[in-house]
Amino acid sequence: MATSLQTSSGVVPLRLSPLARPTTVPQAVRAAARLLAANGLHQGDFVPDAFDREMRVPHFLRPMSIVAALKCATTGDPHLTSLLADEAIAVLALRLEVDGEGPLFGGIFDLEAHVDAWGDVEGRTTESAVAVLEAAADAVEVSR
């Protein structure tokens, strides 16, 4: 007996399953933390070799930035956005300081840039990024 997620050509990969996607900000942030823990933190761009000049590994399996991890956790692709990803990015941006300051403006691109700047600080580790994401998820759950 086939489920709605199965087709005659096979089973839908878990990363593409709408049932496996987070539906709340804490779930999205925790899913992004798991992605970073599994794939690693990438500094400088969403993923290494974004134009596939040297790598053939799918983008969702590569190390990625925090913003890319949040997008990937909610859409299955580190380059696609969603309202939930944007909300999670906003929540995280307001918790982070770069050089003692929060985000300068409230537009989503400014918030993404702020989160990216925090992740790109020299010496930032995957472990520290995962810890901050987990703490942010805990804080959001407590405040709701």
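Provided above is the structure to which this section pertains.
Caption draft 1: Geometry of the environment of Thr-23. Along the chain, Thr-23 turns up in the loop between strand 2 (10–11) and helix 1 (25–39). Note on Thr-23: relative accessible area 62%, which makes it exposed. Spatially, the C-alpha atom of Thr-23 lies 8.1 Å from that of Thr-74, the residues being 51 residues apart in sequence.

Caption draft 2: How the structure looks around helix 4 (residues 108–119). For helix 4, with 12 residues, the first-to-last C-alpha span of 16 Å sits near the 16 Å given by 1.5 Å per residue. When we look at burial in helix 4, the residues that qualify are Leu-111, Glu-112, His-114, Val-115, Asp-116, Trp-118 and Gly-119.

Caption draft 3: Spatial organisation of helix 5 (residues 126–143). End to end, helix 5 covers 26 Å across 18 residues, agreeing with the expected 26 Å (1.5 Å per residue, within 8%). If you check which residues of helix 5 are buried, you get Thr-126, Ala-129, Val-130, Leu-133, Ala-136, Ala-137 and Val-140. The arc enclosing the buried residues of helix 5, seen along the axis, measures out at 125 degrees, which places them on a common side. For helix 5, exposure combined with an orientation more than 90 degrees from the buried face picks out Glu-127, Val-142 and Ser-143. On the buried face of helix 5, the contacting elements are helix 1, helix 2 (66–75), helix 3 (83–95) and helix 4.

Caption draft 4: Focus on the pattern of salt bridges. Summed over the entire model, instances satisfying the criterion amount to 5 salt bridges. Of the charged contacts, one joins Asp-138 and Arg-30 as a salt bridge, the two residues approaching to 2.6 Å between their closest N and O atoms. Here Arg-30 lies in helix 1 and Asp-138 lies in helix 5, a separation of 108 residues in the sequence. On the accessibility criterion, Asp-138 (40% relative accessible area) is partly exposed.

Caption draft 5: A look at the nonpolar core. Val-29, Leu-36, Ile-66, Leu-70, Leu-92, Val-115 and Leu-133 are the most contacted members of the largest nonpolar core, which has 35 residues in total. Contributions of two or more residues to this core are made by helix 1, helix 2, helix 3, helix 4 and helix 5. In terms of residue count, the dominant contributor to this core is helix 1 (8 residues). Excluding its chain neighbours within four sequence positions, the residues that come into contact with Leu-92 are Ile-66, Leu-70, Val-115, Val-132, Leu-133 and Ala-136.

Conventions and cut-offs
Along every chain, residues carry numbers that run from 1 in the direction the sequence is written. Predicted model: local features are reported for residues with pLDDT of at least 70 only, side-chain atom pairs are reported and counted for 80 or more only, and whole-chain, interface and lining totals are derived from all residues. Heavy atoms throughout the structure, all of them, feed into the side-chain values; hydrogens and water do not. Labels follow the DSSP assignment, with helices taken as runs of H or I lasting at least four residues and strands as runs of E lasting at least two, numbered in each case from the N terminus. Only protein chains enter the accessibility calculation, which uses a 1.4 Å probe. A residue is then buried if its area is under 20% of the maximum for its type, exposed if over 50%, and partly exposed in between. Residue count minus one, scaled by 1.5 Å, sets the expected span of a helix. Along the arc lie the directions from the helix axis toward the C-beta atoms. The contact definition used throughout considers only heavy atoms, calling two residues in contact when any of these lie within 4.5 Å. We count a salt bridge whenever a side-chain nitrogen from Lys or Arg sits within 4 Å of a carboxyl oxygen from Asp or Glu. As used here, the term nonpolar core means buried Ala, Val, Leu, Ile, Met, Phe, Trp, Tyr and Cys residues forming a set that is joined through side-chain atoms within 4.5 Å.

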